[in-house]
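# Coordinate analysis (summary)
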Amino acid sequence: KNQSDLMYFLPRSDANGNYIGVNALDAYPAAFYHALALVVFNVQAESYDDVDYIRLRGITLDGMASAGDLSVQMSNTPAGNVEWTLSDGASSEPRRVLYNPSESGGMKLSTAARKVVEILTIPVGLHNIEITYSLIVNGKPHEETMTYQAQWEAGKKYVYNLILGTENIQLIPQITTDWATNE
C-alpha cells in the first residue's frame with residue numbers, strides 16, 4: 001500500500017514563539033516537521049530454541065482515525081504545538097489488521113529482527129495493539145493473544161520490537177523524533 005506523509009513548517013519566530021516576520025530580501029530557511037506518527041513493528045524469536053515452537057499470526061490496531069484536522073500553533077518549541085482532532089463525519093476504525101501472514105499457521109521467526117509493519121497514522125486517541133501468535137505444544141498450535149495500549153504524537157517514530165519466545169513475550173517500544181537516522 002502506498003502511503004503519503006504530511007509535513008508543515010512555521011513562520012520565523014523568536015525564542016518565546018512570537019512571530020517576527022520575514023524580510024523580503026532574506027531567504028527563510030524553513031524547517032519542515034512530520035505531522036503524522038510513523039509506527040513500525042519488528043519481530044524476532046527470543047532464542048534459537050524457540051524458532052520451531054512459535055509463529056506470529058497477526059498484528060491489529062483499533063481506534064485508528066480515518067480523517068483528521070491538523071492545528072499547529074507557534075510556541076517556544078521549534079515544531080510548535082500540534083493538535084489532531086477527528087474531522088466532522090470521520091470515524092475511528094474499530095479494528096485494523098496491520099499484519100496477517102500468508103504462511104499457513106503463521107510466520108516462522110528467526111532470531112534476527114524482521115520489519116513486518118510500517119504505517120503512517122493520524123495520532124488521535126488511544127490504541128490497543130493486539131499481537132496474535134501460536135505456540136506449538138505437543139505438536140499442536142495453540143493460539144494466544146496479547147494486548148498493549150499506546151498513544152502516539154505527531155512527528156515521532158515509534159518502533160516496536162516484538163520478541164516472541166516460548167517462555168517470554170516482549171513488546172519493547174523505541175521512540176524517536178529523528179526519522180532519517182533511524183531507518
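Residue positions within a chain follow its written sequence, with the count starting from 1. The predicted nature of this model means local features are confined to residues of pLDDT at least 70 and side-chain atom pairs, given and counted, to a pLDDT of 80 or more, with totals for whole chains, interfaces and linings taken over all residues. Water and hydrogen atoms play no part in the side-chain values, which are based on all heavy atoms of the structure.

### Remarks on the overall build of the protein
In plain terms, the rule: Numbering of helices and strands runs from the N terminus, with a helix taken as a DSSP run of H or I at least four residues long and a strand as a DSSP run of E at least two residues long. Only protein chains enter the accessibility calculation, which uses a 1.4 Å probe; a residue whose area is less than 20% of its type maximum is buried, one above 50% is exposed, and one in between is partly exposed. Residue contacts are counted whenever heavy atoms from the two residues lie within 4.5 Å of one another. For the accessible areas, the method is Shrake-Rupley and the probe is 1.4 Å, while residue cover comes only from the protein chains on display.
Across its full length, the protein carries 0 helices and 15 strands. Reported as C-alpha extents along the three principal axes, the dimensions of the protein are approximately 75 × 35 × 25 Å. Split into buried and exposed, the 183 residues of the protein put 38% on the buried side. Pairs at least 24 residues apart make up 68% of the contacts formed inside the protein by residues separated by at least 6 positions. Of the accessible surface of the protein, which amounts to about 10700 Å², a share of 46% is contributed by carbon and sulfur atoms.

### As for the pairing of strand 4 (residues 54-61)
Going by this rule: At least two DSSP bridges between two strands are needed for those strands to be called paired.
Burial of strand 4 is extensive: 7 of the 8 residues sit out of reach of the surface. With 7 bridges joining them, strand 4 and strand 12 (residues 126-137) adopt antiparallel strand pairing. Along strand 12, the bridge assignment pairs L61 with I129. In the sheet, strand 4 pairs with strand 10 (residues 107-108) via 2 bridges, with the strands oriented antiparallel. Its bridge partner being in strand 10, L56 is matched across the sheet by M107.

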